[in-house]
Amino acid sequence: MIKIENLSYTYGDGTQAIKNLNISFPSEHIFAIMGFSGSGKTTLLNCISRFIKPQQGKIFLDNQNIFEMDVKSFREAIGVVFQALNLFPHMTVLENMTLAPCRLRRINEKDAKNSAREMLERLGILELADHYPSQVSGGQAQRVAIGRGLMLKPRLMLLDEPTSALDARTTEDFSRWIRELQSDTNFIVVTHDLEFARTAASKGMFMSEGEIVESGNIDGVLRHIKRG
Amino acid sequence: MCFIMSMKRLKVPVLLMSMVCAITLSATSDEFVTALTGKFPPFNYYNEGGDLAGFDVDVSREIAKRLKKELRIVTTEWDGIIAGLLAGKYDAIVASMAITPERKQSVNFSEPYYRSGAQMFVHRDNPNHIYSIDECSGLRIAVVLGETYQQFLEKNYPDIEVVTLKSTVSIFEMMEQQRIAGFVTDRLVGLWQIKNAGRSFVPVGEMLYTESIGIPVRKDSNKLLKQINRSISDMKVDGTMDKIYQKYFGTVGVAEGESAVGGMTFSIIANKLLKGFAITLLIAFLAISLGFLFSIPTGLLLVYNSGFWALPSRIIRMFVDFIRGTPVLIQLLFVWLGLGLKAFPAAIITLGICAMCYMAEAVRAGLISVAPGQALAARALGLSSFDRFRFVIWPQAFRIALPSLMNNVVALIKDTALVSIISIPELIREAQSIISVTFEPHKYYLIAALMFFAVTFPLMKLSGRIERAIQAKGFKHD
């Protein structure tokens, strides 16, 4: 589904964050991009989500070069959830979720609200519909942010450090929860939390200094890291 | 949503702007436009009916009749009355202006239409035992700011401490408090004012000098000057001038018949104050609406200052700093006299630009307080740049900016008091014209202040309530 060819990214200060990277992310999996800080994993995520443009290399989504896709269809195909979540604080949970469908798909507000309620029910947080982001817990906010991304029914969701604000128990709940969602959407999860990667993902890769150290089945990758 | 509300409001200022444009249009060729202060009874003042009256007004009317033109009288501050003539705001000044060499450098005077003289007055008790101006060394003697008596005293009596005050009203107050030993003013005017205000001041000594009162016109108005001179000499010959003089200063007819000067009735006063305040609020409303409308793009330009927008942003930054760093009063005078705009448009445009600059800073502060992740998240959801601003950035920025925007609104309403200087009949000016007849500054300035407060106080309370409402709604800005 996502295929990356010869990807390199260098920041303005000369730091080469990604060095000639090649990889394919298979469909129907939760894929974990692991690595320590500075390994280039967030830069890679920003390239895939088109927030930054690499100096070299190509990224394909189902054989389409993402930098040649029109912005709207690209954003509808790939959803992003940020580490800081960035829920809109002046809107209720429901409004956060209906904004994009209303504006992008021109769906009327009532239908959008109905499908947002369905989504919230599936995510198990229907009771939060009329709450403001400041009134929900970290774990709940995480689900709202993912739900907001899922409203456009993307083919792929990118999650950046989804567990960084969660405690151990919520992390466990979260990995179970995301595995249940995986049936209709694929996830690429950037994380430094190896335990979370083990329980949530089926495949993954480990990056260091802009290069892939190991990739494949999650157990194999984790074994390799522990050995290394 | 707040943003949508503010979008709906946009139509109102646009409509009102076109009204303002309509006000600016006025015919001039068939009009004889003269200026006076309206605060110099019995020469020019507001009568019991709230209309302009007095010696100067009657003379203006008579001249206009002889010129076969429609008379329009502009009331303006004495301080800037010549500047207004030079800027073409009116054709002539018929305001009891003495002919002096200094004034002759910038304007041409008609033949004198009356002569008067400078007289010193002291308190009847005469605590300083003064019987002539020569005995006033080291004493404080007051004159009204901008009148010729000031230069005369400073030149001929350097030992006198000359105190310049804004009006006769303040001179009288200072006299009662014995903060000045006496004052110098026109003999006729002084006598009338003292009698009218029921004060115990008396003239002492000879007149200091006599002076000729003429009508100044611009130096390029030779034709008009000739016509005015002919009218004046005709009026002197056919007895019209004498009739007007008798009406105000003659011994016959002052006590009975049409009372030339006097107090105002309560309903006239209330009417003047309310009308003035309505104008104040209209100007404030238009300026604030205009300012708010333009403060949004201006605030945006101040924030987004890279790439193509770098240069415009820099220019706007300079402009905003300049406006914020200079007195509104100077800006008003510059636009009115310097650029030659009519008073109303000058007031609305100047205050509007001020509002824009001050509010743009509030908008800018609001915009930069919105977390950068918000725009990124909106982008990730595929929203267009306009939608990102409209639904995500602006509502948050507006909420953050709201308290300081409200402060700006309150400050702007108060700033409208300044437009009295450019001859707009708003609250302060109306209050002054009432005071020039009633001699009760304490009462009418207090009333004017309370009228302002009646509007600004609820606004200040509202600001606090909105702030709390935003917080209660769960939106907090960290």
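Everything below is about the structure shown above.
Report follows, based on the coordinates.

1. Some remarks on the pattern of salt bridges
If you walk through the whole model with that rule in mind, you get 26 salt bridges over all chains. Between Asp62 of chain A and Arg155 of chain A there is a salt bridge; the shortest N-O distance is 2.6 Å. With a gap of 93 residues between them, Asp62 of chain A in the loop between β4 (56-61) and β5 (64-65) and Arg155 of chain A in the loop between α5 (138-150) and β7 (156-160) connect regions that are remote in the sequence. On the basis of relative accessible area, Arg155 of chain A is assigned to the partly exposed category, the value being 36%. Here Asp387 of chain B and Arg103 of chain A are joined by a salt bridge, their closest N and O atoms 2.8 Å apart. A residue pair is termed interchain when its members come from two chains, as with Asp387 of chain B in helix α16 (residues 385-415) and Arg103 of chain A in helix α3 (residues 93-105). The exposure class assigned to Asp387 of chain B is buried, which follows from its relative accessible area of 6%. Members of the salt-bridge network, linked through shared partners, are Arg317, Asp321, Arg324, Glu361 and Arg364 of chain B.

2. Thoughts on the state of the cysteines
All names here are of chain B. By the definition in use, this model includes zero disulfides over all chains. For Cys357, which is in no disulfide, the shortest distance to another cysteine sulfur is to Cys354 and amounts to 6.8 Å. Residue class for Cys357 comes out buried when judged on its relative accessible area of 0%.

3. Here we look at the pairing of β4 of chain A
Residues and elements named next belong to chain A. Two elements, strand β1 (residues 2-10) and β4, share five bridges in a ladder whose sense is antiparallel. Within β4, the residue paired with Glu5 across the bridge is Lys58. Between β4 and β5, which follow one another and run antiparallel, lie two residues, and Asp62 among them has a positive phi close to 45°.

4. A short note on the interface of chain B and chain A
Across the boundary between the two partners, chain B contributes 20 residues, which contact 21 residues of chain A. Of the roughly 1900 Å² buried between chain B and chain A, counting both surfaces, carbon and sulfur atoms make up 65%. Three residues, Arg379, Ala380 and Leu381 of chain B, lead the burial of chain B against chain A; their summed loss comes to 29% of the area buried on that side. The tally of links between chain B and chain A comes to six residue pairs in polar contact (both at pLDDT 80 or more). Elements with a contribution of two residues or more to the side of chain B that touches chain A: α15 (372-380) and α16 of chain B.

5. Remarks on the packing of α15 of chain B against α16 of chain B
Residue and element names in this part refer to chain B. Between α15 and α16, the least distance of the axes is 10 Å, while the angle of their chain directions is 160°. In terms of orientation, α15 and α16 fall into the roughly antiparallel class. Seen from above, α15 lies across α16 with right-handed handedness. Residue-level contacts link Gln374, Ala375, Ala378 and Arg379 of α15 to Arg388, Val392, Ile393 and Gln396 of α16.

6. Examining the sheet that holds strand β8 (residues 186-191) of chain A
All names here are of chain A. Ordered in space as β6-β7-β8-β3-β9-β10, the six strands form an open sheet in which the pairing is mixed. Of all strands in the sheet, those bounded by a partner on one side alone are β6 (78-81) and β10 (211-217). With strand direction ignored, the average angle separating the axes of adjacent strands in the sheet is 15°. Pairing analysis gives five bridges linking strand β3 (residues 30-35) to β8, with the strands arranged parallel. Residue pairing in the sheet places Ile33 in a bridge with Val190 of β8.

7. Topic: the side chain of Glu62 of chain B
Position of Glu62 of chain B among the secondary structure elements: in helix α3 (residues 55-67). Ignoring any residue separated from it by four or fewer positions in sequence, one finds Glu62 of chain B in contact with Met235 and Thr240 of chain B.

8. A short note on the nonpolar core
Residue and element names in this part refer to chain A. Among the nonpolar cores identified, the biggest contains 125 residues, and Ile4, Phe25 and Leu44 are the most heavily contacted of them. Setting aside residues no more than four positions away along its own chain, Leu44 makes contact with Ile4, Leu7, Ile18, Leu21, Ile33, Met205 and Met207. Counting residues in each nonpolar core, the second largest holds 41 residues, with Ala32, Val144, Ile178 and Ile218 among its members.

9. Describing the packing of aromatic side chains
Aromatic rings considered in pairs are described by the distance between their centres and by the relative angle of their planes. Going through the model one piece at a time under the given rule, you end up with 26 aromatic pairs over all chains. Seen from their ring centres, Tyr113 of chain B and Tyr114 of chain B are 5.3 Å apart, and the 85° between their planes marks the pair as edge-to-face. An aromatic cluster is present here, built from Phe40, Phe43, Phe55, Tyr113, Tyr114 and Tyr245 of chain B joined pairwise through their rings. Directly above the aromatic system of Phe74 of chain A lies the positively charged group of Arg50 of chain A, at a separation of 5.1 Å from the ring centroid.

Thresholds applied
Residues numbered from 1 in each chain as written. Chains lettered and ligands numbered in written order. Predicted model: local features only at pLDDT ≥ 70, side-chain atom pairs only at ≥ 80, totals over all residues. Heavy atoms only, no water. Salt bridge = Lys/Arg side-chain N within 4 Å of Asp/Glu carboxyl O. Helix = DSSP H or I, 4+ residues; strand = E, 2+ residues; numbered from the N terminus. Buried < 20%, exposed > 50% of the residue type's maximum accessible area, 1.4 Å probe, protein only. Disulfide = S-S within 2.5 Å. Pairing = 2+ DSSP bridges. Contact = heavy atoms within 4.5 Å. Buried area = accessible area lost by both parts, 1.4 Å probe. Polar contact = N/O pair within 3.5 Å; in protein donor to acceptor, adjacent residues only side chain to side chain. Axes fitted to C-alpha atoms, helices over the stretch in contact; angles between N-to-C directions. Parallel < 35°, antiparallel > 145°, perpendicular 65-115°, else oblique. Left-handed = near helix turned anticlockwise from the far one by under 90°. Core = buried A, V, L, I, M, F, W, Y, C linked by side-chain atoms within 4.5 Å. Phe/Tyr/Trp six-rings, centres within 6.5 Å; stacked < 30°, edge-to-face > 60°. Lys NZ or Arg CZ within 6 Å of the ring centre and 35° of its normal.

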